[in-house]
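Topology and contacts: notes
Residue strings, one per chain:
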Amino acid sequence: MLLPFWLLLCLCFAFISAVMPMSHVPVLIWSTERSFLKVKPTVHGGHITSEHEFHKLLDPEFTATPKTIILFLQETLSMEDFTYYSSLSGSEGTMHNVKVLMNSSPSSLVIPAVNWKTIHHLPGYIKNRGKWNIIRADQNLSISSVELKTEKSNLIIVKLQPLPRSSNIAAAKAFSENDKLIGRLTKELIKRDIDFTGIYTGMKPSKVLQTFEMTAKIGRQLQSIGTTAPYPPLNVTNGTATCILIYATQILITANNSQVFDLTNVTFEAKTANTSLSTCSQSNTTLSLLYSSPGNGLRSLEIRFVMTNQFYTGSARNWFMLESIEIIPDGDESRIATFNTAYGSAPAEYSYHCQQIGTSSAYGEQLVRSNSQAGSWNIFISEFQIQGFNIQNNLFSYASDCTSFFTPAIWMGLVSSIVLLWILSYGIFMIMQLTTNGKFDDPKGQQLSVPQTE
């Protein structure tokens with residue numbers, strides 16, 4: 001008896017809840033043919049399917065008669081997404097179509113953890129395994145309008161819309177829309193009586209996990225040594241040496257509360273951001289990220305990170321300061337929006353890190369608008385790390401975090417302790433002031449009288 005889809009997902013989630021040594025993504029596979037996936041791999045807790053194991057699983061599908069494979073690729077995906085967004089929406093409707101496909105297909109398989117680099121190279125691997133009629137599609141694809149060739153295999157690559165991780169509600173909505181798209185396209189294939197194999201996975205994990213041993217070793221060095229990340233930091237060279245390093249898991253710029261620019265992929269993966277306007281020196285460094293045709297009617301968008309290195313006599317050392325972040329739309333300097341940082345500093349030998357920086361007061365580092373043009377823009381950057389001075393071996397130095405030593409929780413504990421200590425001191429003081437009466441009434445002697453008047 002087949003396990004229900006959600007029960008299988010919960011079991012797989014329990015298996016991989018332990019901390020893994022590398023990044024991974026889940027893979028969901030279903031087929032309209034019962035012969036596919038006759039021998040399913042054994043999935044045990046803590047195991048990450050390697051590239052060799054995954055290819056060995058799929059190879060029988062490529063060597064068979066001409067087939068149709070529809071590959072659904074989401075930008076980020078983890079096993080936690082299936083349970084989290086379902087509970088967030090209050091029902092299981094977020095992944096209704098995928099659940100139906102997994103339960104109703106003659107053969108299906110859930111692989112909870114596959115090395116994400118395997119998926120990154122999966123389209124190219126499939127292409128090299130035979131002669132394919134390759135069809136690249138987006139959300140507007142209609143299978144009825146696609147010509148599928150019968151003399152050779154068909155590979156349909158569907159790129160699903162990314163999940164806006166900065167908003168849980170928006171991410172759940174995008175997750176649901178992707179599920180509807182998967183359901184619609186597979187139903188169209190079934191209506192045309194086409195046997196197919198569906199593969200649903202992510203290009204990279206939405207959550208990067210590390211071992212306890214690694215975490216203990218790296219401390220707050222973050223991106224310096226031995227960490228696992230979806231992509232390397234962006235580096236800017238001054239001749240032959242690296243003079244600027246920057247890393248973030250998300251860069252969102254919003255104009256007029258409606259136009260959203262997600263600059264993460266073009267900055268760190270596609271690396272199409274132009275950094276030629278960046279400048280480096282011993283005292284002043286500016287990182288310039290210039291984006292051509294970012295969308296929403298803009299011809300260009302430039303983001304500048306202005307950094308300084310100064311000596312302070314109070315601490316008798318040099319300090320690295322992230323002075324400001326500037327936004328220049330369409331290259332118009334008269335429309336430049338400037339945001340100053342409040343505490344963006346670190347020793348000159350260190351890098352600067354903050355889990356979240358932006359224009360909201362809820363972030364660890366709040367960016368303060370310093371001119372009128374800045375009022376039209378909002379900034380959000382997650383897992384932000386930058387270094388503009390003293391870079392060695394193209395690696396981040398030890399990270400100085402934006403969280404101060406006296407956090408709000410520590411201040412709350414100190415104030416509460418002081419109040420309790422004051423109450424205890426007052427109680428002890430009052431007890432010490434207690435004294436005995438100077439006279440006592442003797443029942444065998446003359447009755448004590450207290451005159452009422454003098």
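In every chain, residue numbers begin from 1 and rise along the written sequence. With pLDDT at 70 or above as the cut-off, local features in this predicted model cover only qualifying residues; side-chain atom pairs require 80 or more to be listed or tallied, and sums for whole chains, interfaces and linings still use all residues. Working from all heavy atoms in the structure, the side-chain values ignore hydrogens and water.

The criterion, for reference: UniProt positions are given in the numbering used here, feature names are shortened, and annotations may be inferred rather than shown by experiment.
As recorded by an unreviewed UniProt entry, the chain carries the name V-type proton ATPase subunit S1 and is attributed to Xenopus tropicalis. If you open the UniProt record of the chain and go to Sequence similarities (unreviewed entry), you find "Belongs to the vacuolar ATPase subunit S1 family." Note on the chain: under the UniProt heading Subcellular location (unreviewed entry), the record states "Membrane".

**Considerations on the overall build of the chain**
Stated precisely, the cut-off is as follows: Helix numbers and strand numbers start at the N terminus; a helix is a DSSP run of H or I with at least 4 residues, a strand a run of E with at least 2. Buried, partly exposed and exposed residues are distinguished by accessible area as a fraction of the type maximum, computed with a 1.4 Å probe on protein chains only: under 20%, between the cut-offs, and over 50%, respectively. Residue contacts follow a heavy-atom distance rule, with two residues in contact if any of their heavy atoms lie within 4.5 Å. Methods summary: accessible areas were calculated by the Shrake-Rupley approach with a probe of 1.4 Å, and residue burial reflects only the protein chains presented.
The helix and strand tally for the chain stands at ten helices and 19 strands. The buried share among the 454 residues of the chain stands at 44%. Restricting the contact set of the chain to residue pairs at least 6 apart, pairs at least 24 apart contribute 68%. Working note: accessible area of the chain is about 24,300 Å², and carbon and sulfur atoms make up 55% of it.

**With respect to the nonpolar core**
One recurring pattern in soluble globular proteins: nonpolar side chains tend to sit buried together. Note the threshold: Here, nonpolar core refers to any group of buried Ala, Val, Leu, Ile, Met, Phe, Trp, Tyr and Cys residues whose side-chain atoms link them within 4.5 Å.
Core analysis: the largest hydrophobic core is formed by 45 residues, its most contacted members being Ile303, Phe305 and Trp377. Formed by 33 residues, the second largest nonpolar core is a distinct cluster that contains Leu77, Val110, Ile135 and Leu163.

**A closer look at empty space enclosed by the protein**
Quick note on the threshold: Buriedness of a pocket was judged along seven lines, with at least five required to meet protein on both sides within 12 Å; pockets are open sets of points on a 1 Å grid over the protein atoms alone, cavities are sets where a 1.4 Å probe fits but cannot get out, and lining residues have an atom within 4 Å of a point. Grid points are joined across faces, edges and corners, and a volume is the space filled by probe spheres set on the points. Under the grouping applied here, Gly and all other residues not named as nonpolar or charged are polar, the nonpolar ones being Ala, Val, Leu, Ile, Met, Phe, Trp, Tyr, Cys and Pro and the charged ones Asp, Glu, Lys and Arg.
The tally for this structure, following the rule as stated, stands at two cavities of 30 Å³ or more. A volume near 40 Å³ is recorded for the second largest cavity. In terms of lining, the second largest cavity is formed by Ile251, Ile253, Leu289, Tyr291, Ile303, Phe305, Ile325, Ile379 and Ile381. Those elements that provide at least two residues to the lining of the second largest cavity are strand E9 (250-255), strand E11 (284-295), strand E12 (298-312) and strand E18 (377-387). A per-class count over the lining of the second largest cavity returns nine nonpolar, no polar and no charged.

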